[in-house]
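Given next are the chains, with one letter for each unit.
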Amino acid sequence: MRQSGRQPGRLASHSFAVEVDGMRVLVDTGIGNGKRRANPAWHNLNSDYEARLRAAGFAPESVDLVVLTHLHADHVGWNTRAEGDAWVPTFPNARYLTSRTEWDYWAGVDMEEARRQMFRDSVHPVREAGLFDLIDVADEGTDVAPGIRLLPTPGHTPGQVAVGLSSRGETALVTGDSIHHPVQMAHPELCSCVDVAPELAARTRNQVLGSLAGTSALLLGSHFPPPTAGHVLREAGGYRLVPAPSGVTPIGG
């Protein structure tokens, strides 16, 4: 579900569809349709996400790689779609990948029923189809394809990653939930109520913003309402987003 608007606190849920050196890549898959969710805003959605992907030129069967920044319900929902009484991979020709640290964390905790349900309908079917890969992400980042680099951004979850994109001398970073909203750029100490390790999340956020500040790299906010893309500048002890005059159109899920 895409929620637009500029009011403080408003969030969106985005996927990013990119083509790098001929490879079609989707970063995160949004909330999904027809899923049973504890959050009423996410429960049993019926969105046109798949049609919008096709309109953008990314038919599900054409996607080569799905990168999951972390395993939360609003980032994995379109991993699968309903086919009769079963959940089947939405992107049947893609490899789905996430960090091994992320998988190991959730495999080792006693999850509440709502999260177990999310794994049952949106994660396990992909794994059972043999399409799910776990990646060991180095401290300095790990390349998973030409122009695509996973960067560890722990705190929101232990194994969360940001996704660095590079092509033809230009770079961008998909934030995942290391930054939820532009207000956290001005106040990096502000944390989400669902951060597993809030102090670590704040340190990670400062590191991410510091690495981008004053550079030409484009920041792509996984939950930013418009403007979703921009450049990072230092300002008054924090940072601010300068909207980019680009054609970036995230696909809400």
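Higher on the page you've got the structure.
Every value quoted in this text rests on a predicted model; they were computed, and no experiment measured them.

1. Overview of the nonpolar core
- The biggest cluster of nonpolar side chains holds 23 residues, and the ones touching the most others in it are Val66, Phe91 and Phe119.
- When residues of this core are traced back to their parent elements, those giving at least two are helix H1 (49–55), helix H2 (73–76), helix H3 (100–107) and helix H4 (113–122).
- Setting aside its immediate chain neighbours within four residues, Phe119 contacts Leu71, Trp103, Trp106, Met111, His124 and Pro125.
- Listed in part, the 20 residues of the second largest apolar core include Val18, Val67, Val163 and Ala172.

2. Regarding the packing of aromatic side chains
- Scanning the entire structure with this criterion turns up five aromatic pairs.
- Measuring from ring centre to ring centre gives 5.0 Å for Tyr49 and Trp78, while their planes differ by 15°; the resulting arrangement is stacked. On the criterion of sequence distance, the pair formed by Tyr49 in helix H1 and Trp78 in the loop between H2 and strand S4 (80–83) is long-range, its members being 29 residues apart. The two residues Tyr49 and Trp78 agree in class, both being buried.
- Between the aromatic rings of Trp103 and Phe119, the centroid separation amounts to 6.3 Å while the plane-to-plane angle is 55°, which identifies the pairing as tilted. Of this pair, Trp103 sits in helix H3 while Phe119 sits in helix H4, and the two are 16 residues apart along the sequence.
- Phe119 sits in the buried class, given a relative accessible area of 3%.
- Through a chain of ring-to-ring contacts, the aromatic side chains of Trp103, Phe119 and Phe132 assemble into a single cluster.

3. Thoughts on the pattern of salt bridges
- Within this structure, the stated rule accounts for 14 salt bridges.
- A salt bridge links Asp121 to Lys35; the nearest nitrogen and oxygen atoms lie 4.0 Å apart. Here Lys35 lies in the loop between strand S2 (23–27) and H1 and Asp121 lies in helix H4, a separation of 86 residues in the sequence.
- Between Arg54 and Glu61 there is a salt bridge, with its nearest N and O atoms 3.3 Å apart.
- Accessibility expressed as a relative area gives 40% for Arg54, which makes it partly exposed.
- When its relative accessible area of 42% is taken as the criterion, Glu61 is described as partly exposed.
- Put simply, Lys35, Arg37 and Asp121 are held in one network by salt bridges that share partners.

4. What to know about the layout of surface pockets
- For the largest pocket, the calculated volume is near 720 Å³.
- If you go around the largest pocket, you meet 32 residues; those closest to its centre are Asn39, Trp42, His72, Asp74 and Val194.
- Contributing elements (two or more residues each) for the lining of the largest pocket: H2, H4 and helix H6 (183–186).
- Top element by residues in the lining of the largest pocket is H4. It accounts for three residues.
- Here the lining of the largest pocket is built from residues that sort into 15 nonpolar, 11 polar and six charged.

Scoring rules and cut-offs
- Residues numbered from 1 in each chain as written.
- Predicted model: local features only at pLDDT ≥ 70, side-chain atom pairs only at ≥ 80, totals over all residues.
- Heavy atoms only, no water.
- Core = buried A, V, L, I, M, F, W, Y, C linked by side-chain atoms within 4.5 Å.
- Buried < 20%, exposed > 50% of the residue type's maximum accessible area, 1.4 Å probe, protein only.
- Helix = DSSP H or I, 4+ residues; strand = E, 2+ residues; numbered from the N terminus.
- Contact = heavy atoms within 4.5 Å.
- Phe/Tyr/Trp six-rings, centres within 6.5 Å; stacked < 30°, edge-to-face > 60°.
- Salt bridge = Lys/Arg side-chain N within 4 Å of Asp/Glu carboxyl O.
- 1 Å grid on protein atoms, 1.4 Å probe; cavity = no way out; pocket = protein on both sides within 12 Å on 5 of 7 lines; lining within 4 Å.
- Points joined across faces, edges and corners; volume = space filled by probe spheres on them.
- Nonpolar A, V, L, I, M, F, W, Y, C, P; charged D, E, K, R; others polar.

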